[in-house]
Amino acid sequence: MDKPSQQDIESLVKLFGESDWKEMHIKTDTLEFFISENPGSGLQNRSVQANVVKSQTEEIKSSPVVAEKPEKKSGAEYEVPKGMLAVRAPNLGTFYRRPKPDSDPYVEVGDEVTESTEVCLIEVMKLFTPVKAESSGEIIEILVSDGEMVEFNQPLVLIKPS
Amino acid sequence: MTIRKVLIANRGEIAVRIIRAAHDLGIETVLVASEADADSGATRMADKVVVLGPAPSKASYLVPELIVHAALSTSCDAVHPGYGFLSERAILPELCDKHGLRFIGPKATTIQSLGNKVAARKIAKASAVPLVKGTSNITDKEKAKREAETIGYPVLMKAASGGGGRGMFVASDEKDIDAQFESASKEAEEAFGDGNLYLEQYIENARHVEVQIAGDGKGRAVHFGDRDCSVQRRYQKMIEEGPCSIMSDTSRESMRSAAVKLMADLNYSNLGTVEFVYDPKRDEFFFIEVNTRIQVEHPVSEQVSGVDLIKLQFALAEGNPNVLPAQNQIVIKGHAIECRINAEDPENNFFPSPGRIANWSPPQGSGIRVDSHCFSGYQVPPFYDSMIGKLIITAPDRNAAIARAIAALENFSIEGIKTNLNLLLDVLRDQCFRDNRFSTKWLENDFLNSHVRD
């Protein structure tokens, strides 16, 4: 295979982190990649260990074949402005700003929030999951309108971190 | 009901295949994808793509609620499940029915009843389909040993709710049952949520032959010929062809009729496959199971019958029984061979080989069909099945099809990842394969052991 780029490795690490796998082992001509949860390390959080054998010391040149960008932009591809953080959808679903149709919205633009502040609701087939801000700061923009379908990882709310 | 917009609950080559058929019919397509599949041949073709969830299937493709929610939010009126994933789980058609969506496949109740292999055997027996000697559910190994004694060794231990070889083993004597019963039961429990096993007589040197069926849901069923899928490794098919040319015409006709009768008796609706083991020595066939989905190898039947089976699925799902052709309108002509192209390294125990395909150059020409979602620059994700495409060859007879398949494989270039292209070539050139002298164990036990590449 082509020499893996930094980005390829990062995406593997990220995917591993999001999975519930114990370990991942990928071996090709140019790379051996092993990543594992490390239960003996005494760390409380899941720790990942990336170990690139026969590491690529050469500068990785841009791949001769570059995948074209898909034409159809999905909601998940919105670019978050610099210095801002986005609260993202945990899965596909319907976005709601209020816990119940007749309640006030969870948050308004200008509100100060903390990590644990609930900012919206994602519904999948009548199963409602509140979404937390996960960072503290000021609400700058609500990116999705009430009742709209959102995709996995789509930015929902913009926060300016404090 | 006319289908206007369909949601495709699958990925890879079958998603491409379904999108193509839908567009031919003027049906709009919405494709669901995991985050890892956001760019593929299928997402580039679909009218709309929605990202369901992260890469792992159980957080994306295997969540029926996400699929149905996506279909409703994008105003689809039908859902096509493809194969694998949720295609044989009754929960998806149940949810579709509940929310007014057409499920492109059999009824939920049919999927449910045929999904249990012990129940399916009873159904087949009621339609007078030949069965190998077998048992009901067996929960402990002492009973397994007593039953095996009655049937006679060797026996095949199988998962009651199983498929794909999981929870399955061949026992030549009591010791094999002692050694493997518990681990097989555990494997079945993990894979299918049902640890029940049952026993069947094991036919040695058997072939795997299956009949492609379509039913109108009102008691009429027709077949589209048979397929021989005996070139397998660990119960995974590698080469499929049709028709099965070592069967006598009498057996072939009676196998096809048995399959049609079974599905007609079930009021089977949409497409399905009845699988058999065929014993060439005795020229006898026995029922294995019914697959209640479109299968990977459906193009073999399309090529020899000239019928687009995916379009037929759409038409049948719209509810008009007249779209099902009469049996005498379906003419099986010529020979087709399908080779599954996998991203794996046969030299290294078939280790998966995901990664970026630097160059994808499929062969072209008369009688050559390639079904795939790949292109130069495509990244094969490490999360799913290793199949990256299928080469389907059609010719007037088996020998001509083999020659054409070899020429096509020689002109197939895939760079950047390891594939089984060379292995497929070696199988097609092998004298046993050419002479049609092989069983379902041949590839694994004989060919691969003696196979050394220059």
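Residues numbered from 1 in each chain as written. Chains lettered and ligands numbered in written order. Predicted model: local features only at pLDDT ≥ 70, side-chain atom pairs only at ≥ 80, totals over all residues. Heavy atoms only, no water.

### Quick notes on the overall build of chain B
In terms of helices and strands, chain B carries 15 helices and 22 strands. For 454 residues, the compact-globule estimate of 2.2 N^0.38 gives 22 Å, and the C-alpha radius of gyration of chain B, at 21 Å, lies within 12% of that figure. Considering only C-alpha atoms, chain B reaches an extent of 60 × 55 × 45 Å along its principal axes. Taken over 454 residues, chain B has a buried fraction of 59%. (Helix = DSSP H or I, 4+ residues; strand = E, 2+ residues; numbered from the N terminus. Rg over C-alpha atoms; globule rule 2.2 N^0.38 Å. Buried < 20%, exposed > 50% of the residue type's maximum accessible area, 1.4 Å probe, protein only.)

### Here we look at the nonpolar core
Residues and elements named next belong to chain B. One finds Ile 3, Val 6, Ala 214 and Phe 314 to be the most contacted residues of the largest nonpolar core, which totals 39 residues. Top contributing element to this core by residue count: helix H1 (residues 12-24), with seven residues. Split by domain, the residues of this core number at least three in each of domain 1 (5-104) and domain 3 (207-451). With residues near it in sequence (within four places) discarded, Ile 3 still touches Ile 27, Asp 77, Ala 78, Ile 104, Phe 314, Ala 317 and Glu 318. (Core = buried A, V, L, I, M, F, W, Y, C linked by side-chain atoms within 4.5 Å. Domains from an automatic or database assignment. Contact = heavy atoms within 4.5 Å.)

### Here we look at the domain arrangement of chain B
If you check the domain split of chain B, you get domain 1 (5-104), domain 2 (133-201) and domain 3 (207-451). For domain 1 of chain B versus domain 2 of chain B, the separation of C-alpha centres amounts to 35 Å.

### Considering the confidence of the model for chain B
For chain B, the average pLDDT comes to 95, and 99% of its residues sit at 70 or higher. Both scores are given for the predicted complex: the pTM is 0.84, the ipTM 0.79. (pLDDT = per-residue confidence, 0-100.)

### Notes on the confidence of the model for chain A
Mean pLDDT over chain A: 75, with 59% of residues reaching 70 or higher. Note that pLDDT drops below 50 for residues 39-71 of chain A; the model gives that stretch 52 contacts with residues more than four away or on any other chain.

### Overview of the sheet that holds strand S8 (residues 127-132) of chain A
Taken together, the four strands give an open sheet; going across it, the order is S8-S7-S5-S10 (chain A), and neighbouring strands pair in antiparallel fashion. The open sheet has two edge strands with one neighbour each: S8 and strand S10 (149-150) of chain A. Direction of pairing for strand S7 (residues 118-124) of chain A relative to S8 of chain A: antiparallel, over a ladder of six bridges. Paired with Glu 118 of chain A across the strands is Lys 132 of chain A, a residue of S8 of chain A. Relative to the sheet, helix H3 (residues 64-73) of chain B contacts strand S5 (93-96), S7 and S10 of chain A, its axis offset from that of S7 of chain A by approximately 90°. (Pairing = 2+ DSSP bridges. Axes fitted to C-alpha atoms, helices over the stretch in contact; angles between N-to-C directions.)

### A short note on the environment of His 223 of chain B
Residues and elements named next belong to chain B. Structurally, His 223 can be placed in strand S10 (residues 221-233). Setting aside its immediate chain neighbours within four residues, His 223 contacts Val 211, Gln 212, Ile 213, Arg 256, Val 260, Gln 327 and Ile 330. Within the local environment of His 223, its side chain forms a polar contact with the backbone nitrogen of Gly 225, the two atoms lying 3.0 Å apart. (Polar contact = N/O pair within 3.5 Å; in protein donor to acceptor, adjacent residues only side chain to side chain.)

### As for the pairing of strand S9 (residues 137-142) of chain A
Residues and elements named next belong to chain A. The sheet contact formed by strand S6 (residues 112-113) and S9 spans two bridges and is antiparallel. Looking at the pairing, Glu 112 lines up with Glu 138 of S9. Alignment of S9 against strand S11 (residues 155-161), held across five bridges, turns out to be antiparallel. Directly across from Glu 141, in S11, lies its bridge partner Leu 158.

### A short note on the pattern of salt bridges
Residue and element names in this part refer to chain B. Inspection of every chain in the model, using the stated rule, returns 37 salt bridges over all chains. Ionic pairing is found between Glu 241 and Arg 398, a salt bridge with its closest N-O pair at 2.7 Å. Remark: Arg 398 occurs in helix H12 (residues 398-410) and Glu 241 occurs in strand S11 (residues 236-242); sequence separation between them is 157 residues. For Glu 241, a relative accessible area of 3% translates into the label buried. What makes Arg 398 buried here is its relative accessible area of 8%. One salt bridge connects Lys 418 with Asp 345, and the closest N-O pair in it is separated by 3.8 Å. (Salt bridge = Lys/Arg side-chain N within 4 Å of Asp/Glu carboxyl O.)

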